[in-house]
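Residues per chain, in single letters:
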Protein chains: 2
Amino acid sequence: MNSQSIENYLKVIFNQAISTDEVNTTGIAQALEVSLPSVNSMVKKLAGMGLLEYQKYKPLKITDKGRKMAARIIRKHRLTEMYLVEKMGFGWEEVHDIAEQLEHIQSPVFFDRMDELLGYPQRDPHGSPIPNKNGQIAVLEYRPLADCQPGEQVELKALGHTSDEFLKYLNSKELALGVKVEVLEVEAFDRNMKVEYSGHQEVLSALVCSKLLVS
Amino acid sequence: MNSQSIENYLKVIFNQAISTDEVNTTGIAQALEVSLPSVNSMVKKLAGMGLLEYQKYKPLKITDKGRKMAARIIRKHRLTEMYLVEKMGFGWEEVHDIAEQLEHIQSPVFFDRMDELLGYPQRDPHGSPIPNKNGQIAVLEYRPLADCQPGEQVELKALGHTSDEFLKYLNSKELALGVKVEVLEVEAFDRNMKVEYSGHQEVLSALVCSKLLVS
DNA sequence: TTAAATAGTTAGAATAGACTAACAAATTTA
DNA sequence: TAAATTTGTTAGTCTATTCTAACTATTTAA
Ligand SMILES: [Mn+2]
Ligand SMILES: [Mn+2]
Ligand SMILES: [Mn+2]
Ligand SMILES: [Mn+2]
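Here the residue numbering is sequential within each chain, running from 1 through the sequence in written order. The lettering of chains begins at A and the numbering of ligands begins at 1, in the order of writing. It should be noted that, the model being predicted, local features are given only for residues of pLDDT at least 70 and side-chain atom pairs only at 80 or more, the latter also being counted only at that level, while totals for whole chains, interfaces and linings use all residues. Computation of side-chain values: all heavy atoms of the structure, hydrogens and water removed.

### Notes on the sheet that holds strand β3 (residues 60-62) of chain A
Residue and element names in this part refer to chain A. Keep this limit in mind: Any two strands with at least two DSSP bridges between them are considered paired. Secondary structure counts use DSSP, requiring at least four H or I residues in a row for a helix and at least two E residues in a row for a strand, with both numbered from the N terminus.
Spatially, the 3 strands line up as an open sheet ordered β1-β3-β2, and their pairing is antiparallel. Since the sheet does not close on itself, it has two edges, and those belong to β1 (22-23) and β2 (52-53), each with one partner. The pairing of β1 with β3 spans 2 bridges and is classified as antiparallel. The partner of Glu22 across the bridge, within β3, is Lys61.

Right, here's the structure in full:
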């Protein structure tokens, strides 16, 4: 069975490959907070397992096998987060660290049961898609709120960033998935947005708006 | 944080100390299916952590600190088993292997929430007591069915053995915790018991009767 | 287009946890 | 009680995963 370490590396590589397709060693080291030589030796190991393509000094490419394996771990992570929120009453800002551990549990029946009890959800509490059992993952069609124009009415569908601090910030602003947002004004200078939702007005920074995914 | 290995050793030592108070190396090796030298080096490590008393060639004694730490792991194991049965619909024969993994999750709030959702249960699905958060564990007062006399009416309260095979055997006989059992006859030769419960009669072997704890 | 900075690699070492082989102490049996 | 058996220990090895120090290749900037 693959170690937790292997699984965590693979997941990071998969996630970094989404934006750029090619992944570099330094990014992995930063994400996992380990040294470059540690990454280098693990990368060779993963390549030996057929999960990556590796050539000295070249950017890494994840293989289909690697992608599939990573997606299955992410499936467990996101099902867990959904279960913790829906069935155990946790807030969306509390679940990531627990899921980071539970994603390594080896028990297909455990996660299948979660899936069943949840009614086969398509997205996790942060709006990210839950891969299916074969490791296939839906592509999100959402755009950042930052790209919207004044007068547009949109719905908050997912987050482009899910740190505790950001989630707590959203809680404090009563911003949750499903909230209908109308763009009132965009400040030309700094791209701050004045928006209205749930009956009140707020000014959101450009940074925040770039992380709110809407449709 | 303690490794899963350390936690698994400690749990085995705690369990073996219940019956005899003093624990020997060979028993640990057998329970964990590791070699004697592996046990020896881990035992020294645990002693160094103040969890055991160790002197060369002497039986081991678990300290109060060790007992408390072990009980807290067992608490997580048993809460998990209860949660899996009560809230996720698993059978009592399916939950041990999952709990064996989940007991190592580091998240007090996760187990506190389980406890709360379960209504602070005192026993796991096999009738074993769930230690409290301080690592204190209730002592069972039950006696084996094997000690009962013909004519006695008792209730099945807990199991002295919880292997999958035994649990499946009990399922096949419709024996579950809470079932009222009347002892009809005891065969003098082999101590087999003829019993009646849930409206039907069965003959149970001495081995089985020694593992059924009643009151 | 050379120099500086960044990114990636190798070598060597440390720790945790497992193992086998060899040996020593303790216990049981004759 | 002496021999045989069982139990426990030590020494040394192996794999996994991490690290630091030193080096090399690639990329960026002057
Ligand atoms: Mn997460
Ligand atoms: Mn993880
Ligand atoms: Mn169990
Ligand atoms: Mn365990």
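### A look at the interface of chain B and chain A
Here is the rule we go by: Here, two residues are considered to be in contact whenever any of their heavy atoms come within 4.5 Å of each other. Defined in terms of a 1.4 Å probe, buried area is the accessible area two parts forfeit on being brought together, summed over both. Counting of polar contacts relies on pairs of N or O atoms within 3.5 Å, with two restrictions inside protein: one atom must be capable of donating a hydrogen and the other of accepting it, and residues adjacent in sequence are counted only when both atoms are side-chain atoms. Residues are grouped as follows: Ala, Val, Leu, Ile, Met, Phe, Trp, Tyr, Cys and Pro are nonpolar; Asp, Glu, Lys and Arg are charged; every other residue, Gly included, is polar.
Taken together, the contact pairs 19 residues of chain B with 19 residues of chain A. Contact between chain B and chain A buries roughly 1600 Å² in total, counting both sides, with carbon and sulfur atoms accounting for 65%. For the interface between chain B and chain A, the tally reads 7 residue pairs in polar contact (both at pLDDT 80 or more). At the level of secondary structure, the elements contributing two or more residues to the side of chain B that touches chain A comprise α4 (64-86), α5 (96-102) and α6 (108-118) of chain B. Counting residues per element, the side of chain B that touches chain A draws most heavily on α6 of chain B, at 5 residues. Residue composition of the side of chain B that touches chain A, by class: 11 nonpolar, 6 polar and 2 charged.

### Things to note about helix α7 (residues 164-172) of chain B
All names here are of chain B. Put simply, the rule is: Partly exposed residues are those whose accessible area sits between 20% and 50% of the maximum for their type, while under 20% is buried and over 50% is exposed, using a 1.4 Å probe and protein chains only. By construction, the arc corresponds to the directions joining the helix axis to the C-beta atoms.
Phe166, Leu167 and Leu170 are the residues of α7 that are buried. Buried positions in α7, seen along its axis, are confined to an arc of 100° and lie on one side of it. Away from the buried face of α7 by more than 90 degrees, exposed residues Glu165, Lys168 and Ser172 are located. In the core, the buried residues of α7 are packed alongside β5 (153-159), α8 (206-211) and β9 (212-214).

Remember, this is a structural readout, not a statement about activity or role.
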